[in-house]
There are 2 protein chains.
Amino acid sequence: MPTFAVEPLTKATARVLGAAGTPDDIAGKLARWLINANLSGHPSHGVIRVTQYLAQIKDGAYRPAERPRVVSESETSVVMEGGGAFGHLAAEELTIRLVEKSRVSRVAVGGIARCNHIGRLGEWSELAVSMGAVFLMVAGGPGMMRTAPFGGREGRMSTNPISFGAPAGDADPIILDFATTAAAEGKIRVARDKGVEIPPGQILDNQGRPSINPNDLYDNGVMLPFGGHKGYGLMLMIELLASNLVGDTITGEPQSPIGTFALAIDPDALGSGAGFAAMNDATINRVKQTAAAPGFDEVLVPGDIERSSRQTVAAAGVELPDATWNDVLASAAEVGLDPAEVNAIATGE
Amino acid sequence: MPTFAVEPLTKATARVLGAAGTPDDIAGKLARWLINANLSGHPSHGVIRVTQYLAQIKDGAYRPAERPRVVSESETSVVMEGGGAFGHLAAEELTIRLVEKSRVSRVAVGGIARCNHIGRLGEWSELAVSMGAVFLMVAGGPGMMRTAPFGGREGRMSTNPISFGAPAGDADPIILDFATTAAAEGKIRVARDKGVEIPPGQILDNQGRPSINPNDLYDNGVMLPFGGHKGYGLMLMIELLASNLVGDTITGEPQSPIGTFALAIDPDALGSGAGFAAMNDATINRVKQTAAAPGFDEVLVPGDIERSSRQTVAAAGVELPDATWNDVLASAAEVGLDPAEVNAIATGE
């Protein structure tokens, strides 16, 4: 598998996006966000997406020079519309505006309707936390409905992810980011390709029976919410917030299949002031100092794995499967670039 | 087991609370909230608590005539202090104030510090939804720390419950209400008393090993968060919001062991207007019409079980274990009432 240093790979990615009609400022930011997903240990949201985005530019679903617009705004709220723009742009702008509003109004809520893929939700919690805010973001709705509600056997819900971030003091911040399905579909696909079983509780077969055979998902099976009826309840809550609270009546059209809802809170909103960061440190330290259970090395907090991955991958380089990189080069050729030149930029040669 | 009609049991409960020094208006409301927990199928938060509350009045932790106070308030926020008052009162007032603020400001956040037991969280989501709001409430912090963080083997976290409510149109509202532990401690206790095993994933024994023997919890074992690392992440998020964001600096004292955080959002905050209720109906109908998996009769949504329980129990009467009712009568005697008279009120004789 080819391995790339971060800066050259970012430059090559931006070059490919640019050749597809993406203005330089957008291409540069998008390349950094994609590669940050690879660095964070979430390659499903990383460079692999370039091929998809270029195909979607070609078919008109993505308009790479477009920018998201603010539909409505108040002291405590922002509603954005992503349109044909890269969804990341709407997510970034929503995050920044909500954090700025929360500094004045203590709390602000917002949403994005009609939006392309916004990338890794944790990216926006990290951004909000770097600006000093407490932040919650959820995305969901009746999009790719491959997940059965608790007690059901048909796909009627999407993966509906949630992310939460809170600043700490001396400790690293808490950055939570997960899908409310029991497992990412990509991991079940990997197990199928390897010919190994998956843990119980992740899927049902096409008869609605629990299965540990990953092939069953691809034979009209369904995914399950994490954590039984509790995870299902959160998955449903996320659809109500992300899709129903945001999606409708901006243009009078039906709700967006997948919407985004976010909330920023000033750390001093309820009067805890600088004490909030200090108390978060105390919580984090208390939890991390728990003796590990058999089979575990240590207790982690949300955000630790991504931070650790970023250090490791940045040092070792971003490794991409041959197929992923060859697809990117093929996409580059389609928008008129010389694949050899793109490869040379990416390898820093 | 004695069985009581709702109104006489409410009257008897209020009488006992009143004899312990609770003003009539508070005793009446508290009795209704307690019995609503029994009706909703959550007897752990119901009449059984009277004995505990009277003991806590006796030892001074509860001051039954006290009322909670608003510590600080803005257009978008409320901070309350429960003090020695029944915690339910602070939760009710916080909920009402947040919903009223959210009608003007679109969103409002609040918290309660230094507060007694606030009862069933779903009660306050139901109240907020009946007033038309979208509502989130979480409670938690370093109180009764019998739950191990994911990967750990020592009790370092509390049960940290979450509740969410959203109004619908023709459909019943969504009312989510659960602890972020895998199981309620009370259910593990019941399994122990019956001598039956518990499902995997609920507890670790005192060596940190997974166990299905409920006795292991009571031999220095620990409870587990629901849903593995994802449920653990939510449990941690709840502590940061409920305890750390609210607890400190009101009086300069250390944080409250268990705090409460809540958020009210106007359904039109992000412009979906009346469409929100209609879209929630569509979501609820889509999910409920999912074909049931083997072993299930139907797909439910959060709130269905409590609504169904209220109908059934209201018709059949509130059944209390002998021990529970005898304890209430003994508590009544301690505050100068004739147990026979209390029993006569409760049975409507």
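Please read these numbers as outputs of a predicted model, since none were measured by experiment.

Peer 1: How do you make sense of the overall build of chain A when you look at a structure like this?
Peer 2: Looking only at helices and strands, one finds 11 helices and 12 strands in chain A. Here the C-alpha atoms of chain A give a radius of gyration of 21 Å, agreeing with the 20 Å that 2.2 N^0.38 yields for 349 residues. On the principal axes, the C-alpha backbone points of chain A span a range of 55 × 50 × 50 Å. Across the 349 residues of chain A, 56% fall into the buried class. Within chain A, counting contacts between residues at least 6 apart in sequence, those at least 24 apart form 64% of the total.

Peer 1: What should I look at first to understand the pattern of salt bridges in this one?
Peer 2: The final tally for this structure, using the stated rule, is 44 salt bridges over all chains. Between R209 of chain A and D205 of chain A there is a salt bridge, with its nearest N and O atoms 2.9 Å apart. For R209 of chain A, a relative accessible area of 45% corresponds to the partly exposed category. We note a salt bridge from E334 of chain B to K58 of chain B, for which the minimum N-O separation is 3.0 Å. With E334 of chain B in helix α10 (residues 322-334) and K58 of chain B in helix α3 (residues 49-58), this pair connects stretches of sequence that are 276 residues apart. Residue E334 of chain B is classed as exposed on the basis of its relative accessible area of 58%. You can call K58 of chain B exposed: its relative accessible area is 66%. Sharing partners across several salt bridges, the network here consists of E73, E93, R97 and K101 of chain A.

Peer 1: Looking at this structure, how should I read the interface of chain A and chain B?
Peer 2: Contacts between the two partners involve 82 residues from chain A, matched on the other side by 82 residues from chain B. In this assembly, chain A packs against chain B so that about 6400 Å² is buried in total across both faces, 71% of it on carbon and sulfur atoms. Three residues, K230, L245 and L270 of chain A, lead the burial of chain A against chain B; their summed loss comes to 13% of the area buried on that side. One can count 2 salt bridges joining chain A with chain B. Linking chain A to chain B there are 32 residue pairs in polar contact (both at pLDDT 80 or more). Ranked by the residues each element gives to the side of chain A that touches chain B, the list is headed by helix α7 (residues 228-247) of chain A, at 13 residues. By residue class, the composition of the side of chain A that touches chain B is 48 nonpolar, 24 polar and 10 charged.

Peer 1: Explain the relation of the copies chain A and chain B to me, please; I cannot follow it from the model alone.
Peer 2: The operation relating the two chain copies consists of a rotation about an axis and a shift along that axis. Superposition record for chain A on chain B: RMSD 0.0 Å, screw rotation 180°, translation along axis 0.0 Å. Both copies of the chain, as the preceding transformation shows, are related through a two-fold rotation axis. Minimal C-alpha distance to the rotation axis in chain A is attained by G227 of chain A, lying at 1.9 Å.

Peer 1: When you look at the environment of Q311 of chain B in this model, what are you seeing that I'm missing?
Peer 2: Residue and element names in this part refer to chain B. Positionally, Q311 belongs in helix α9 (residues 304-316). Exposure remark for Q311: the relative accessible area of 64% places this residue in the exposed category. Spatially, the C-alpha atoms of Q311 and L39 are 7.9 Å apart, while their sequence positions differ by 272 residues.

Peer 1: Explain the side chain of N36 of chain A here, please?
Peer 2: Residues and elements named next belong to chain A. Within the secondary structure layout, N36 lies in helix α2 (residues 24-39). Engagement of the side chain of N36 in a polar contact is seen with the side chain of E123, the distance being 2.9 Å. Discounting chain neighbours no more than four positions away, the residues touching N36 are R120, E123, E126 and R310.

Peer 1: What is the right way to read the packing of aromatic side chains from this model?
Peer 2: What describes a pair of aromatic rings is the distance from one ring centre to the other and the angle between the planes of the rings. Residues and elements named next belong to chain A. This structure, assessed with the given rule, holds 15 aromatic pairs over all chains. Between Y53 and F86, the ring centres sit 5.7 Å apart and the planes meet at 65°, which makes this aromatic pair edge-to-face. Of this pair, Y53 sits in helix α3 (residues 49-58) while F86 sits in the loop between β3 (77-81) and α4 (87-105); the two residues are 33 residues apart in sequence, bridging distant segments of the chain. With a relative accessible area of 1%, F86 lands in the buried category. Taking the centre distance of 5.4 Å and the plane angle of 75° together, the rings of F178 and F226 count as edge-to-face. In this pair, F178 sits in strand β7 (residues 174-178) while F226 sits in the loop between β10 (222-223) and α7, placing the two residues 48 residues apart along the sequence.

Peer 1: Whenever I open this one, the environment of S211 of chain A confuses me. Can you help?
Peer 2: Residue and element names in this part refer to chain A. Position of S211 among the secondary structure elements: in strand β9 (residues 210-211). Measuring from C-alpha to C-alpha, the distance between S211 and P200 comes to 6.6 Å, with 11 residues separating the pair along the chain. If sequence neighbours within four positions are ignored, S211 has contacts with I198, I203, D205 and D216. A polar side-chain atom of S211 sits 2.9 Å from the main-chain amide nitrogen of N213.

Peer 1: Can you help me understand unusual backbone geometry in this one?
Peer 2: Working note: non-glycine residues mostly have negative phi, and peptide bonds are mostly trans. Residues and elements named next belong to chain A. You will see that R106, though not glycine, has its phi angle at about 75°, which is positive. Judged by its relative accessible area of 32%, R106 falls in the partly exposed class. Despite not being glycine, R114 shows a phi value in the positive range, around 45°. Note that R114 resides in the loop between β4 (107-113) and α5 (121-130).

Peer 1: Any chance you could explain the packing of helix α4 (residues 87-105) of chain B against helix α5 (residues 121-130) of chain B here in plain terms?
Peer 2: How two helices sit against one another is set out by the angle between their axes and by the gap between those axes. All names here are of chain B. Axis separation between α4 and α5 bottoms out at 10 Å; the angle between their running directions is 30°. Compared by their axis directions, α4 and α5 come out roughly parallel. Pair α4 / α5 crosses with right-handed handedness. Facing H88, A91, E92, T95, I96 and V99 of α4, the residues of α5 in contact are W124, L127 and A128. Residues belonging to the contact of α4 with α5 are distributed by class as follows: 6 nonpolar, 2 polar and 1 charged.

Peer 1: Help me out: how do you make sense of the sheet that holds strand β9 (residues 210-211) of chain B in this one?
Peer 2: Hydrogen bonds between backbone groups are what pair the strands of a sheet, and the pairing can be parallel or antiparallel. Residues and elements named next belong to chain B. A sheet is described by the order of its strands in space; here 3 strands give the open sequence β9-β8-β10, paired in antiparallel fashion. In the strand order of this sheet, the two ends are held by β9 and β10 (222-223), each with one partner. Bridge analysis of strand β8 (residues 203-204) against β9 gives 2 bridges, and the strand direction is antiparallel. Following the sheet pairing, I203 is matched in β9 by S211.

Reading the values: rules and limits
Residues numbered from 1 in each chain as written. Chains lettered and ligands numbered in written order. Predicted model: local features only at pLDDT ≥ 70, side-chain atom pairs only at ≥ 80, totals over all residues. Heavy atoms only, no water. Helix = DSSP H or I, 4+ residues; strand = E, 2+ residues; numbered from the N terminus. Rg over C-alpha atoms; globule rule 2.2 N^0.38 Å. Buried < 20%, exposed > 50% of the residue type's maximum accessible area, 1.4 Å probe, protein only. Contact = heavy atoms within 4.5 Å. Salt bridge = Lys/Arg side-chain N within 4 Å of Asp/Glu carboxyl O. Buried area = accessible area lost by both parts, 1.4 Å probe. Polar contact = N/O pair within 3.5 Å; in protein donor to acceptor, adjacent residues only side chain to side chain. Nonpolar A, V, L, I, M, F, W, Y, C, P; charged D, E, K, R; others polar. Least-squares fit on C-alpha atoms with pLDDT ≥ 70 in both. Phe/Tyr/Trp six-rings, centres within 6.5 Å; stacked < 30°, edge-to-face > 60°. Axes fitted to C-alpha atoms, helices over the stretch in contact; angles between N-to-C directions. Parallel < 35°, antiparallel > 145°, perpendicular 65-115°, else oblique. Left-handed = near helix turned anticlockwise from the far one by under 90°. Pairing = 2+ DSSP bridges.

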